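Listed below are the residues making up each chain.
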Amino acid sequence: MVYNFPIRKIIHVDMDAFYASVEQLDNPGLRGKPIAVGGGGKRGVVSAASYEARKFGVKSAMAGNLASKLCPELIFVRPKFERYTEISKTIRRIFYDYTDLVEPLSLDEAYLDVTENKKGNPSASLIATEIRARIFNEIGLTASAGISVNKFIAKVASDYHKPNGQKTVNPEEVLKFLEQLDIRKFYGVGKVTAEKMYQLGIYTGQDLKQKSLEYLEVNFGKSGRYYYHVVRGIHESEVKPDRIRKSLAAERTFSENLSSEIFMLEKLNHIADEVFHRLSKSKIAGKTVTLKIKYSDFSLQTRSKTLPYFISDKTIILETAKDLLYQDKLNNSVRLLGISISNLNTDMETKKNQSMVSAQLKFEF
């Protein structure tokens with residue numbers, strides 16, 4: 001096969017049932033048992049499920065009461081995000097022993113570009129095996145990995161032998177691998193898109209490959225070009241170690257639906273406080289405040305306001321969120337409220353200007 005684009009050695013590492021596995025690691029009494037991280041009952045939602053629970057059909061984003069019906073022995077555990085973050089940082093330190101080109105996607109997964117690596121090891125597959133072994137030996141958790149010529153294929157491959165496995169798709173195997181792949185396995189093809197593809201007679205990569213670029217753009221808009229290229233093994237996105245945060249948010253789901261705006265203001269105060277602490281910890285600020293409202297009928301509404309200056313102060317965040325709450329009449333009783341800050345001062349030009357100011361302040365005269 002002849003490629004007319006850069007061939008890289010990319011590893012996608014994905015921790016196995018990360019939140020649930022951390023809970024089982026910290027509490028040996030939970031090992032081998034079906035557990036769900038999140039809340040049970042009619043208002044609770046499953047954030048993560050152990051593999052023992054997944055056998056019963058329990059999965060993330062599922063209502064807690066439904067999860068309990070599917071698995072009567074299910075054990076619910078409250079999430080400990082500080083602990084998950086702590087372990088995630090330890091895992092990333094292992095990654096950095098091999099390459100500085102690490103792009104975290106979340107606490108439990110990341111891309112690594114090991115085309116040139118600190119170990120001088122020409123085999124990306126052996127590096128992935130070594131990384132997974134170190135995560136298990138040093139932390140006690142298992143990870144799966146996908147290895148290939150670009151991020152898209154590595155991401156798809158990491159799910160191939162889960163849990164605690166890995167798959168390598170060599171350059172000469174790429175096209176055959178993608179042609180035989182169920183369209184639901186393509187990263188970027190969600191449930192709704194998969195159903196639409198089925199209706200159009202697209203079930204596998206081979207079926208997708210038969211469609212022209214024009215056909216895919218007509219039926220899937222801008223995503224059509226993406227599908228056209230990835231099924232041909234073309235995905236030129238580099239591993240970006242300095243991924244810029246686009247927004248920061250906090251939200252709360254209430255045990256009872258709220259009808260009174262007075263009670264909502266009390267909740268917004270706590271949410272604004274959490275957003276403030278996250279902004280402070282990350283040392284960032286933003287201009288756009290968005291209020292997220294989920295009603296009792298599960299319909300979702302967002303209201304936003306962009307200020308003329310960067311903010312990180314809790315008082316301003318809360319007052320802006322209040323203004324947005326009173327902006328329009330509520331459609332129904334409310335089950336969830338959230339506040340997010342976007343339009344952050346984390347773009348490269350802002351960082352450049354900040355470093356220039358810093359340099360001027362340190363200038364000795």
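Criteria and cut-off values
- Residues numbered from 1 in each chain as written.
- Predicted model: local features only at pLDDT ≥ 70, side-chain atom pairs only at ≥ 80, totals over all residues.
- Heavy atoms only, no water.
- Core = buried A, V, L, I, M, F, W, Y, C linked by side-chain atoms within 4.5 Å.
- Buried < 20%, exposed > 50% of the residue type's maximum accessible area, 1.4 Å probe, protein only.
- Contact = heavy atoms within 4.5 Å.
- Phe/Tyr/Trp six-rings, centres within 6.5 Å; stacked < 30°, edge-to-face > 60°.
- Lys NZ or Arg CZ within 6 Å of the ring centre and 35° of its normal.
- pLDDT = per-residue confidence, 0-100.
- Helix = DSSP H or I, 4+ residues; strand = E, 2+ residues; numbered from the N terminus.
- Patch = residues over 30% accessible without salt bridge, like charges linked within 9 Å, V, L, I, M, F, W, Y side chains within 5 Å.
- Areas by Shrake-Rupley, 256 points an atom, 1.4 Å probe, with all protein chains shown as cover.
- Salt bridge = Lys/Arg side-chain N within 4 Å of Asp/Glu carboxyl O.
- Expected span 1.5 Å × (residues − 1).
- Arc of directions from axis to C-beta.
- Polar contact = N/O pair within 3.5 Å; in protein donor to acceptor, adjacent residues only side chain to side chain.
- Pairing = 2+ DSSP bridges.
- Axes fitted to C-alpha atoms, helices over the stretch in contact; angles between N-to-C directions.

## Points about the nonpolar core
By size, the foremost hydrophobic cluster in this structure holds 33 residues, and its most contacted members are Ile11, Phe18, Phe95, Leu112 and Ile135. Setting aside its immediate chain neighbours within four residues, Phe18 contacts Tyr84, Ile87, Ser88, Ile91, Leu107, Asp108 and Leu141. With 29 residues, the next largest nonpolar core counts Leu265, Leu268, Leu291 and Leu330 among its residues.

## Considering the packing of aromatic side chains
Applying the stated criterion to the full structure yields 11 aromatic pairs. Relative to Tyr227, the ring of Phe220 lies with its centre 5.7 Å away and its plane at 85°, an arrangement referred to as edge-to-face. In this pair, the class of Phe220 matches that of Tyr227, namely buried. Members of the aromatic cluster, connected to one another through ring pairs, are Phe152, Phe186, Phe220, Tyr226 and Tyr227. Just above the ring of Tyr98 sits the side chain of Lys119; from NZ or CZ to the centre is 5.2 Å. The residue whose ring lies beneath Lys211 is Tyr215, and the NZ or CZ to ring-centre distance is 4.9 Å.

## So, the confidence of the model for the protein
Here the protein averages 88 in pLDDT, while 92% of its residues score no lower than 70. Scored below 50 in pLDDT, residues 348-365 shows four contacts in the model against residues more than four places distant or in partner chains.

## Thoughts on the environment of Leu325
Within the element layout of this structure, Leu325 appears in helix 13 (residues 314-325). Taking relative accessible area as the criterion, Leu325 reaches 0% and is therefore assigned buried. For the pair Leu325 and Lys292, spaced 33 residues apart in the sequence, the C-alpha separation amounts to 9.4 Å. With residues near it in sequence (within four places) discarded, Leu325 still touches Glu261, Met264, Leu265, Leu268, Leu291, Arg303 and Leu330.

## Section: a nonpolar patch on the surface
On the surface, Phe56, Leu66 and Leu70 cluster together into a nonpolar patch covering about 260 Å² of accessible area. Residue position: Leu70 is located in helix 3 (residues 64-70). Here Leu70 falls in the partly exposed class, since its relative accessible area comes to 35%.

## Considerations on helix 13
Between the first and last C-alpha of helix 13 there are 16 Å, a value that for 12 residues agrees with the 16 Å anticipated at 1.5 Å per step. Listed in full, the buried residues belonging to helix 13 are Ile317, Leu318, Thr320, Ala321, Leu324 and Leu325. Taken end-on, helix 13 shows its buried residues confined to a sector of 165°, consistent with a single buried face. Where helix 13 is buried, its residues contact helix 12 (261-282), strand 10 (286-295), strand 11 (300-311) and strand 12 (334-344). The backbone nitrogen of Thr315 has a side-chain oxygen 3.0 Å away, supplied by the residue at the start of helix 13, namely Asp313.

## Section: the sheet that holds strand 2 (residues 35-38)
Pairing is mixed in the open sheet, where three strands are placed in the order 3-2-4. Each having just a single partner strand, strand 3 (46-49) and strand 4 (75-77) make up the two edges of the open sheet. With strand direction ignored, the average angle separating the axes of adjacent strands in the sheet is 30°. Pairing between strand 2 and strand 3: three bridges, direction antiparallel. Residue pairing across strands places Gly38 opposite Val46, the latter belonging to strand 3. Each of strand 2, strand 3 and strand 4 touches helix 1 (residues 18-26); the most contacted strand, strand 2, lies at about 110° to it.

## Some remarks on the sheet that holds strand 11
Strand order in this open sheet of four strands is 9-12-10-11, and the pairing throughout is antiparallel. The open sheet terminates on both sides in strands that have one partner only, identified here as strand 9 (247-258) and strand 11. Direction aside, neighbouring strands of the sheet carry axes that sit 15° apart on average. Here eight bridges tie strand 9 to strand 12, and the two strands are oriented antiparallel to one another. In the strand pairing of strand 12, Glu251 is matched with Gly338. Sitting on the sheet, helix 12 touches strand 9, strand 10, strand 11 and strand 12, and the angle it makes with strand 9 is about 155°.

## As for unusual backbone geometry
In the segment running from Lys162 into Pro163, the intervening peptide bond is cis, with an omega of -10°. Within the fold, Pro163 resides in the loop between helix 6 (151-158) and strand 8 (166-168). Not every positive phi belongs to a glycine, and Asn164 is a case in point at roughly 55°. On the secondary structure map, Asn164 appears in the loop between helix 6 and strand 8. Classification of Asn164 as partly exposed rests on a relative accessible area of 45%.

## Quick notes on the pairing of strand 1 (residues 10-15)
Counting buried residues along strand 1, six of its six residues qualify, which places the element largely inside the surrounding structure. Burial along strand 1 is two-sided: Ile10, His12 and Asp14 and Ile11, Val13 and Met15, pointing in opposite directions, are all buried. One ladder, built from five bridges, connects strand 1 with strand 6 (residues 109-113); its direction is antiparallel. Opposite Asp14, over in strand 6, you have Glu109 as the bridge partner.

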